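Here are the chains, one letter per residue:
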Amino acid sequence: MTLKHFILYITILFVSVCTSASSQEQEVEPPKKIVVKALAKADAILLRWAVTDKYAWKYSNEYGFIVERTTVLRDGKPLNSPERVLLSGDTIKPKPANEWESFVQQNDMAAVAAQAIYGESFQVNNNEDNPLLQVFYESEELDRRFGFSLFAMDQDFEVAQYAGLGFVDTTVKENEKYLYNIKSAIPKDRMEIESSGIFISTKDREELPKPFDFFGYFYKNAFVLVWEYDQLLPYYTSYNLERSENGTDYTKVNEVPISKLADSPYSGVSYTDSIPEYGKKYWYRIVGINYFNEKSPPSDPAELIAFKEIRTQPLFTSSNILSENEVELQWTFAEDELWNLRKFDLLRAETAIGPYKTVVDSIAPNQISINY
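This section reports on the structure supplied with the text.

Cut-offs used in this document
- Residues numbered from 1 in each chain as written.
- Predicted model: local features only at pLDDT ≥ 70, side-chain atom pairs only at ≥ 80, totals over all residues.
- Heavy atoms only, no water.
- Core = buried A, V, L, I, M, F, W, Y, C linked by side-chain atoms within 4.5 Å.
- Buried < 20%, exposed > 50% of the residue type's maximum accessible area, 1.4 Å probe, protein only.
- Helix = DSSP H or I, 4+ residues; strand = E, 2+ residues; numbered from the N terminus.
- Contact = heavy atoms within 4.5 Å.
- Phe/Tyr/Trp six-rings, centres within 6.5 Å; stacked < 30°, edge-to-face > 60°.
- Lys NZ or Arg CZ within 6 Å of the ring centre and 35° of its normal.
- Polar contact = N/O pair within 3.5 Å; in protein donor to acceptor, adjacent residues only side chain to side chain.
- Pairing = 2+ DSSP bridges.
- Axes fitted to C-alpha atoms, helices over the stretch in contact; angles between N-to-C directions.
- Salt bridge = Lys/Arg side-chain N within 4 Å of Asp/Glu carboxyl O.

Attention shifts here to the nonpolar core. In this structure, Leu-47, Trp-49, Trp-100, Met-153, Tyr-180 and Ile-182 are the most contacted members of the largest nonpolar core, which totals 52 residues. Counting residues per element, the ones that place at least two in this core are strand E1 (34-40), strand E2 (45-51), helix H2 (54-63), strand E3 (65-74), helix H4 (108-118), helix H5 (131-155), helix H6 (157-162) and strand E6 (176-184). Setting aside anything within four residues of it in sequence, one finds Ile-182 in contact with Ile-34, Val-36, Leu-47, Trp-49, Phe-65, Ile-66, Val-67, Ser-195 and Ser-196. In terms of nonpolar packing, the next biggest core, distinct from the first, is built from 20 residues, Phe-223, Leu-225, Leu-241 and Ala-306 among them.

This is the structure we're talking about:
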């Protein structure tokens with residue numbers, strides 16, 4: 001899938017989501033906030049944050065964020081005078097457009113984020129002269145820019161850092177615990193945004209949970225894979241689907257990360273894979289990807305076999321009456337479909353239109369005659 005096709009594909013979903021959200025606006029506007037996540041490593045703390053409003057995102061690209069770290073504990077004991085450090089220097093903003101050039105050549109998500117931040121246009125062409133409609137189109141375009149940028153950054157932590165929404169603190173110490181505070185640098189007379197903090201140390205490492213409720217089935221000449229998504233959303237933003245022909249060696253199936261782009265009444269997500277070869281067993285599993293590009297343990301595998309739909313039917317070639325109570329029946333069946341059969345059943349009715357009832361069950365698929 002090309003980047004162009006990928007953008008066209010998720011444009012429809014984001015427009016749908018944004019339109020739905022606009023139609024449900026409340027009289028009281030919710031407060032604009034910063035939300036933050038952190039990941040502890042042995043030698044670093046990774047921070048990832050975002051804002052909850054499209055205008056907050058727009059102005060944040062201009063003014064940036066301030067990242068503070070306060071050392072609260074050392075050797076398990078609280079400090080009488082907590083030590084505060086400004087990690088962001090002045091402010092953290094998206095990198096200049098020219099610094100994205102080589103990055104977007106090798107990373108589709110970087111291309112999406114850069115286009116959302118710096119692209120000249122992110123909307124369908126319109127020639128409306130009505131100023132009210134123009135305001136609507138501009139707001140709709142900002143919805144798309146905001147949605148696309150957050151989606152891209154959720155898929156790749158390096159993209160988030162380029163976009164000014166991620167930071168890696170490598171000046172941490174094992175015996176200390178910190179309070180990180182993320183603040184907006186937007187002037188308060190222009191917009192107020194609630195800051196956000198998180199309390200963490202390098203020892204606060206946790207194992208990523210294994211994806212669960214993963215299963216698959218064969219449906220209309222395709223494999224449909226389904227798994228739980230919403231319950232693991234605090235951990236994973238997307239998934240890779242992997243396939244194996246021997247149950248041991250797996251390769252990735254999807255070209256772009258598999259994510260749930262819109263709210264739905266179902267907590268799961270699904271992916272449809274074409275059939276590589278009919279009559280052959282395949283193993284599938286999923287791997288979650290978190291906000292910091294870390295991968296989960298693989299799920300338990302699902303084993304699937306696809307069978308082609310039977311496109312022919314047995315045809316009687318002769319029926320020899322052997323006695324008053326016995327008949328010999330012979331039939332043919334397409335040889336290239338035999339592999340797809342498990343059995344034949346013989347059915348009988350008193351009239352041509354039925355009803356028919358099974359009188360002989362489980363006739364071998366290579367059998368072409370029977371005495372009944």
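Read on, since the account is not over.
Turning to the packing of aromatic side chains, a few remarks are in order. Here the structure, examined in full by the defined rule, presents 18 aromatic pairs. Note on Phe-223 and Tyr-284: the rings are 5.6 Å apart at their centroids and 75 degrees apart in plane angle, and the pair reads as edge-to-face. Residue Phe-223 is found in strand E9 (residues 222-228), and its partner Tyr-284 is found in strand E13 (residues 281-289); the two are separated by 61 residues along the sequence. With respect to class, Phe-223 is no different from Tyr-284; both count as buried. An aromatic cluster is defined as three or more aromatic residues linked by ring pairs; in this entry it consists of Phe-214, Trp-227, Tyr-229, Tyr-235, Tyr-236 and Tyr-239. Across the ring face of Tyr-178, the terminal group of Arg-69 is positioned such that the distance to the ring centre comes to 4.6 Å.

Turning our attention to the environment of Tyr-55. If you trace the backbone, Tyr-55 turns up in helix H2. With 136 residues separating them in the primary sequence, Tyr-55 and Met-191 have C-alpha atoms 9.0 Å apart.

As a further point, take H4. The buried fraction of H4 amounts to eight of the eleven residues, a majority that puts the element mostly inside the structure. What H4 keeps buried is the set Met-109, Ala-110, Ala-111, Val-112, Ala-113, Ala-114, Ala-116 and Ile-117. Near the N-terminus of H4, the side chain that reaches the backbone nitrogen of Met-109, with its oxygen 2.9 Å away, is that of Asn-107.

Reading across the sheet, the three strands line up as E1-E2-E5 and stay open at both edges, with antiparallel pairing between neighbours. Of all strands in the sheet, those with a lone pairing partner are E1 and strand E5 (166-169), marking the two edges. Between one strand axis and the next, the sheet turns through 20 degrees on average, direction left out of account. Judged from the four bridges that link them, E2 and E5 form a sheet pairing that is antiparallel. Looking across to E5, one finds that Leu-46 is bridged to Val-168.

Enumeration over the complete set of coordinates arrives at 19 salt bridges. A salt bridge links Glu-83 to Arg-74, with the nearest nitrogen and oxygen atoms 2.8 Å apart. Taking the relative accessible area as the measure of exposure, Arg-74 reaches 24% and is therefore partly exposed. Salt-bridge contacts for Asp-273 lead to Arg-243; the nearest nitrogen and oxygen are separated by 2.7 Å. Of this pair, Asp-273 sits in strand E12 (residues 268-274) while Arg-243 is found in strand E10 (residues 238-244), placing the two residues 30 residues apart along the sequence.

Let's shift gears to the side chain of Asn-290. Position of Asn-290 among the secondary structure elements: in the loop between E13 and strand E14 (302-305). At 3.2 Å, the side chain of Asn-290 forms a polar contact with the backbone nitrogen of Asn-293. For Asn-290, the side chain forms a polar contact with the main-chain nitrogen of Glu-294, separated by 2.8 Å. When residues no more than four places from it in sequence are discounted, the contact partners of Asn-290 are Asp-154, Leu-208, Tyr-235, Tyr-236 and Thr-237.

Regarding H2, the residues found buried are Lys-54, Ala-56, Trp-57, Tyr-59 and Ser-60. Two or three places before Tyr-55, at the opening of H2, Asp-53 has a side-chain oxygen 2.8 Å from that residue's backbone nitrogen. Positive phi shows up at Gly-64, right after H2, with a value of about 85 degrees.

In this section: the environment of Val-104. Position of Val-104 relative to the elements: it lies in helix H3 (residues 101-106). For Val-104 and Val-159, which are 55 residues apart along the polypeptide, the C-alpha to C-alpha distance reads 9.5 Å. Dropping the residues within four chain positions of it, Val-104 is found in contact with Ala-110, Ala-111 and Ala-114.

On to unusual backbone geometry, then. Look at Lys-220: it is not a glycine, yet its phi comes out positive at around 50 degrees. Of note, Lys-220 is situated in the loop between strand E8 (215-218) and E9. Positive phi outside glycine occurs at Ser-362, with the angle close to 60 degrees. Mapped onto the elements, Ser-362 comes out in strand E18 (residues 357-363). On the accessibility criterion, Ser-362 (51% relative accessible area) is exposed.

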